[in-house]
Amino acid sequence: MSNTSMQGSRRARRGRGSPRGWVLGLSAGLGLGACLEPTTRPCRADEECRLDDRKGTCEPDGYCAYPSAECPSGSRYGPFAAQASACTVDCTEVSPELACADDPGCPATCERGDPVLLITWSRPGAAVEPVALAAGRSGLVAVTGAIDGEPLLVLLRDDGTVLRDDVALTPGTTGRAAAVGGDDAVWVALQTTDGSQPGSRVSLHRLDGTGAVLGGVGWATRGEQGVVGLGVDDDDAVTVGGRLDGRAWLERRSSGDALVFGETWPEDDRSIELVDLAVTRGGRVALVGASADGEAGLWLVDPGGALGLRLGLEELGARTTPGAVALGPSGMVIAGTGAGLPWALLVGNAGTPGWLVEPEGVERLADVVLDDQGRATLIGTGEGGTAAWIEQRDWAGELRWKRRLPPEAGRAVAVALDAEQRPLVLGATPSGDGLWLRRFEP
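It should be emphasised that the depicted structure is a prediction, and the values quoted were computed from it without experimental measurement. (Residues numbered from 1 in each chain as written. Predicted model: local features only at pLDDT ≥ 70, side-chain atom pairs only at ≥ 80, totals over all residues. Heavy atoms only, no water.)

**Some words on the overall build of the protein**
As a reminder, the rule being used: Helix numbers and strand numbers start at the N terminus; a helix is a DSSP run of H or I with at least 4 residues, a strand a run of E with at least 2. The classification of residues rests on relative accessible area computed with a 1.4 Å probe and restricted to protein chains. Under 20% of the type maximum is buried, over 50% is exposed, and intermediate values are partly exposed. Here a residue-residue contact requires only that any non-hydrogen atoms of the pair lie within 4.5 Å. Surface accessibility in these figures is a Shrake-Rupley result with a 1.4 Å probe; residues are shielded only by whichever protein chains are displayed.
Within the protein, the secondary structure is distributed over one helix and 33 strands. The buried share among the 442 residues of the protein stands at 58%. Counting contacts in the protein only where the partners sit at least 6 residues apart, residues at least 24 apart contribute 45% of the total. Summed over all atoms, the accessible surface of the protein reaches about 17400 Å², with 48% contributed by carbon and sulfur.

Now the structure itself:
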């Protein structure tokens, strides 16, 4: 894949039914006038990089760069940089660990966003399926999934120190979701299908940071979807959602397993298929999914369980069923893929649409996370279905950096934020017998 193919879409879009042009138009190039000052001006932060109405980024070498579709890297140095009007160096085609030592142009430009390989974990000959990733404010990280049809849970610190990978969980289940609280409490949602009868059983387990089981609760469901996500708030209450008995289902429990609220939700629509949920530290919940007729939807729920907002995503410009949602203080980012076309959409807390991007060179978007500064990290699979692909955009939708791992690294599965708001990316090895975890700088 060429570097050019990684360039994000720069087309301006207008939402259907919207009375105004709500999508940020990203520049296709920088027209540098003849009367610009021939001096250099170093920068120290992104906020210092503005050219007319364009927002830029302060590159690691100390000069401003601005979006440009004409550059393979997606950005061009501004008029006051030492390399005025030159394309920034694209470092997506590098070694397996994305260390740029072999390219003399890369060290400065690649400093931001280069990943640190925290762990590789494998069981030769086994079928390992990583599914979900969670990280807590204290530095504890949980990875869950399945190994040879049995539940998998790996507990580690965010410096890569593995604490436990032999936690005993319910046999015959798969870890579908995980969450980590501020006190190192870990929640894991398991799901199993009993071949002797229709439906499956869903269970939620609470463990401490050593892997000892502290409590839990279970549900029997006639449906096959089960749990789609978990989230934990500042009070260490956990929210679990999915599909239960053929209906959309949302439940919140305190750190002591007491039920805070439980809803088969919404009551008037049994056909909603939830696909993901996100929870803020204050306890607000965002859910995305679709109705039986294929209409994509977004629902916001307040900390007490009451429905606050419901939106049809097609009205906001999204054309297909979403696959993931991330929720932040000022709004949310929704990501999805349909007919081979990936997309990501920003929506404010009041339902006001923001930017819509369609990254190029990407086959599928798998997950998204939003940090406290409004930076959205998107992960997925590049063209060909093997290479892990990661990019980060700011709150205005501007591309900050993007990286593509080589095929031998495997695919990206999930993303979370560590205690310092750095993106952690969980991946599966191409051999199918292991997983990896990489950390990126924001």
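From this point, the discussion proceeds with the structure in view.
**Notes on unusual backbone geometry**
Although it is not a glycine, D52 sits at a positive phi angle of roughly 60°. Relative to the helices and strands, D52 is located in the loop between strand 1 (50-51) and strand 2 (54-55). The exposed category is assigned to D52, whose relative accessible area is 67%. In this structure, D148 takes a positive phi of about 50° despite not being glycine.

**Considering the state of the cysteines**
Stated precisely, the cut-off is as follows: Disulfides are defined in this document as cysteine sulfur pairs within 2.5 Å.
Applying the stated criterion to the full structure yields two disulfides. Here C43 pairs with C58 through a disulfide, and the sulfurs are 2.1 Å apart. Measuring handedness by torsion sign, the sulfur bridge of C43 and C58 sits at about 95° and is right-handed. Of this pair, C43 sits in the segment before strand 1 while C58 is found in strand 3 (residues 57-58), placing the two residues 15 residues apart along the sequence.

**Notes on the pattern of salt bridges**
Charged atoms that come close allow side chains of opposite charge to pair. The line we're drawing: Salt-bridge detection follows one rule: a side-chain nitrogen of Lys or Arg within 4 Å of a carboxyl oxygen of Asp or Glu.
For the structure shown, the criterion picks out 14 salt bridges. Taking the shortest distance from any N to any O, the salt bridge between R76 and E70 comes out at 2.9 Å. With a relative accessible area of 13%, R76 lands in the buried category. We classify E70 as exposed; its relative accessible area is 58%. Where E420 meets R422, a salt bridge forms, and the shortest distance between an N and an O atom there is 3.9 Å. A single network of salt bridges, built from pairs that share partners, joins D418, E420 and R422.

**Remarks on the packing of aromatic side chains**
Stated formally: Two rings from Phe, Tyr or Trp (for Trp, the six-membered ring) form a pair when their centres are within 6.5 Å of each other. A pair whose planes differ by under 30 degrees is stacked, one over 60 is edge-to-face, and the rest are tilted. Any Lys NZ or Arg CZ found within 6 Å of a ring centre and within 35 degrees of that ring's normal is scored as a charge over the ring.
Within this structure, the stated rule accounts for one aromatic pair. With a centroid separation of 5.4 Å and an interplanar angle of 5°, the aromatic rings of W401 and F440 are classed as stacked. Within this pair, whereas W401 is found in strand 30 (residues 399-404), its partner F440 is found in the segment after strand 33 (434-439), the two being separated by 39 residues in sequence. Each member of the pair, W401 together with F440, is buried. The ring of W436 has R438 sitting right over it, with the charged end atom 4.5 Å from the ring centre.

**Remarks on the environment of D276**
Test applied: In the analysis that follows, any N or O atom pair within 3.5 Å is treated as a polar contact, provided that within protein one partner can donate a hydrogen and the other can accept it, and provided that, for residues neighboring in sequence, both atoms belong to side chains.
The residue D276 is located in strand 19 (residues 273-279) in this model. Remark: the alpha-carbon pair of D276 and D367, spanning 91 residues in sequence, is separated by 9.5 Å. Beyond its immediate stretch of four places on either side in the chain, D276 contacts V228, A286, L287, V288, G323, A324 and V325. Here the side chain of D276 touches V325 through a polar contact of 2.9 Å, landing on its backbone nitrogen.

**Overview of the side chain of T377**
Its place among the elements puts T377 in strand 28 (residues 376-382). With relative accessibility at 1%, the residue T377 sits in the buried group. A polar contact is formed between the side chain of T377 and the side chain of Q392, at a distance of 3.0 Å. Contacts of T377, omitting those with residues within four sequence positions, involve D367, V368, V369, I390, E391, Q392, V415 and P423.

**Side note on the environment of D433**
Its location among the elements puts D433 in the loop between strand 32 (423-428) and strand 33. Among the residues examined, D433 registers a relative accessible area of 16% and is labelled buried. Each C-alpha atom of the pair D433 and P130 lies 9.8 Å from the other, and the pair is 303 residues apart in sequence. Those residues in contact with D433 that sit more than four places away from it in its chain are W121, S122, R123, P124, G125, A126 and V128.

**Remarks on the nonpolar core**
Quick note on the threshold: Each nonpolar core is a collection of buried residues, namely Ala, Val, Leu, Ile, Met, Phe, Trp, Tyr and Cys, held together in the definition by side-chain atoms within 4.5 Å.
Grouped together as the largest cluster of nonpolar side chains are 21 residues, with contacts concentrated most on W121, L133, L426, L435 and L437. Breaking this core down by element, the ones donating at least two residues are strand 6 (116-122), strand 7 (128-135), strand 8 (140-147), strand 9 (150-157), strand 31 (411-417), strand 32 and strand 33. Those residues in contact with L426 that sit more than four places away from it in its chain are P130, A132, L133, V143, R411, A412, V413, A414, L435, W436 and L437. With 16 residues, the next largest nonpolar core counts A286, L298, W343 and V347 among its residues.

**Some remarks on the sheet that holds strand 6**
Keep this limit in mind: Here, any two strands with at least 2 DSSP bridges between them count as paired. Simply put, an axis is a line fit to the C-alpha atoms, just over the touching stretch for a helix, and the angle between two N-to-C directions goes from 0 to 180 degrees.
Strand order in the open sheet formed by four strands is 6-33-32-31, with antiparallel pairing between adjacent strands. The open sheet is flanked by strand 6 and strand 31, the only strands paired with a single partner. Pairs of neighbouring strands in the sheet enclose a mean axial angle of 20°, with direction left out of account. Pairing analysis gives five bridges linking strand 32 to strand 33, with the strands arranged antiparallel. Bridge pairing in strand 33 links L424 to R439.

**Details of the side chain of R243**
Considering the arrangement of structural elements, one finds R243 in strand 16 (residues 238-244). Within the structure, R243 has its side chain in polar contact with the side chain of E273 (distance 3.4 Å).

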